[in-house]
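Here is what each chain is made of, one letter per residue.
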Amino acid sequence: MNATMQKFGYPDTLVKEYKNWVLLLRSQQVTLGALVLICKNEAMAFSEIRPEAFVELKEITAAIEFNLKGCFSYDKINYLMLMMIDPDVHFHVLPRYAGPRLFEQAEFNDPGWPGPPDLSRSNEGGEALQRDILQTLRQVFA
């Protein structure tokens, strides 16, 4: 396990584990269904990941887009690879919404829409709601 996986709550926040990647639920739901996709390879630059990780990335992004669209009907999706604080190769996966979305009677907003996501703000719903989102995504990605 690398430091970025640990920081984002692995294994407790695990949605799905792949051979070279882990898909985790972000504790801060900037938008409904926000995830972190972290490479398990020891790599601090995108060009350093193993060739098979690049191949697997195609399969994973297709699954992410299909499953998040089915769950939450996002309007667009953003993959942010910033790696300024957490150095291991990872993407923040942010579904984007033109309007509010409801999940279990909680309203989720996308305050940055239609511009870049506003990472300084998140939708607060509490631990129980976070667990319910995680459980829903685990079932969909199974």
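Higher on the page you've got the structure.
About the thresholds
Residues numbered from 1 in each chain as written. Predicted model: local features only at pLDDT ≥ 70, side-chain atom pairs only at ≥ 80, totals over all residues. Heavy atoms only, no water. Pairing = 2+ DSSP bridges. Helix = DSSP H or I, 4+ residues; strand = E, 2+ residues; numbered from the N terminus. Axes fitted to C-alpha atoms, helices over the stretch in contact; angles between N-to-C directions. Contact = heavy atoms within 4.5 Å. 1 Å grid on protein atoms, 1.4 Å probe; cavity = no way out; pocket = protein on both sides within 12 Å on 5 of 7 lines; lining within 4 Å. Points joined across faces, edges and corners; volume = space filled by probe spheres on them. Polar contact = N/O pair within 3.5 Å; in protein donor to acceptor, adjacent residues only side chain to side chain. Buried < 20%, exposed > 50% of the residue type's maximum accessible area, 1.4 Å probe, protein only. Parallel < 35°, antiparallel > 145°, perpendicular 65-115°, else oblique. Left-handed = near helix turned anticlockwise from the far one by under 90°. Expected span 1.5 Å × (residues − 1). Arc of directions from axis to C-beta.

**Some remarks on the sheet that holds strand β1 (residues 14–17)**
Strand pairing within a sheet occurs via backbone hydrogen bonds; the two strands may be parallel or antiparallel. One open sheet holds the five strands; their spatial order is β1-β2-β3-β5-β4, and the pairing between them is antiparallel. In this open sheet, the two edge strands, each paired with only one partner strand, are β1 and β4 (76–80). Here the average twist between neighbouring strands, direction ignored, is 20 degrees. With respect to the sheet, helix α2 (residues 51–72) is in contact with β2 (21–25), β3 (35–39), β4 and β5 (90–96), its orientation differing from that of β4 by roughly 145 degrees. The strands touched by helix α3 (residues 126–141) are β1, β2 and β3; relative to β1, the strand with the most contacts, the crossing angle is about 20 degrees.

**Comments concerning the layout of surface pockets**
Of the pockets and cavities examined, the largest pocket occupies roughly 250 Å³. Around the largest pocket, the lining comprises 13 residues; the ones closest to its centre are Phe8, Arg26, Ile85, Asp86 and His92.

**As for the side chain of Arg26**
For Arg26, the position within the fold is in the loop between β2 and β3. There is a polar contact of 2.7 Å between the side chain of Arg26 and the backbone oxygen of Gln28.

**A few points about the environment of Ala53**
Looking at the element boundaries, Ala53 is found in helix α2. By relative accessible area, Ala53 is classed as buried at 0%. Note: C-alpha distance between Ala53 and Gln29 (24 residues apart in sequence) is 26 Å. Ala53 has contacts with Asn20, Trp21, Cys39 and Asn41, leaving out every residue within four places of it along the chain.

**Focus on the environment of Pro116**
With respect to the helices and strands, Pro116 occurs in the loop between β7 (106–108) and α3. Pro116 sits in the exposed class, given a relative accessible area of 67%. In this structure, the C-alpha to C-alpha distance between Pro116 and Glu127, residues eleven residues apart in sequence, is 27 Å.

**Structural notes on the packing of α2 against α3**
Their axes nearest at 10 Å, the elements α2 and α3 cross at an angle of 125 degrees. Classed by the angle they form, the pair α2 and α3 counts as oblique. Seen from above, α2 lies across α3 with right-handed handedness. Along the contact surface, α2 presents Ala63, Ile64, Asn67, Leu68, Cys71 and Phe72, while α3 presents Ile133, Thr136, Leu137, Val140 and Phe141.

**A short note on α3**
A rise of 1.5 Å per residue sets the reference length of α3, with its 16 residues, at 22 Å; its end C-alpha atoms lie 23 Å apart and thus fit the reference within 8%. Of all the positions in α3, only Leu129, Ile133, Leu134, Leu137 and Phe141 are classed as buried. Along the long axis of α3, the arc covered by the buried residues comes to 140 degrees, so they all point the same way. Residues of α3 that are exposed and angled more than 90 degrees away from the buried face: Glu127, Arg131 and Gln139.

Coordinates in, geometry out; function isn't part of it.
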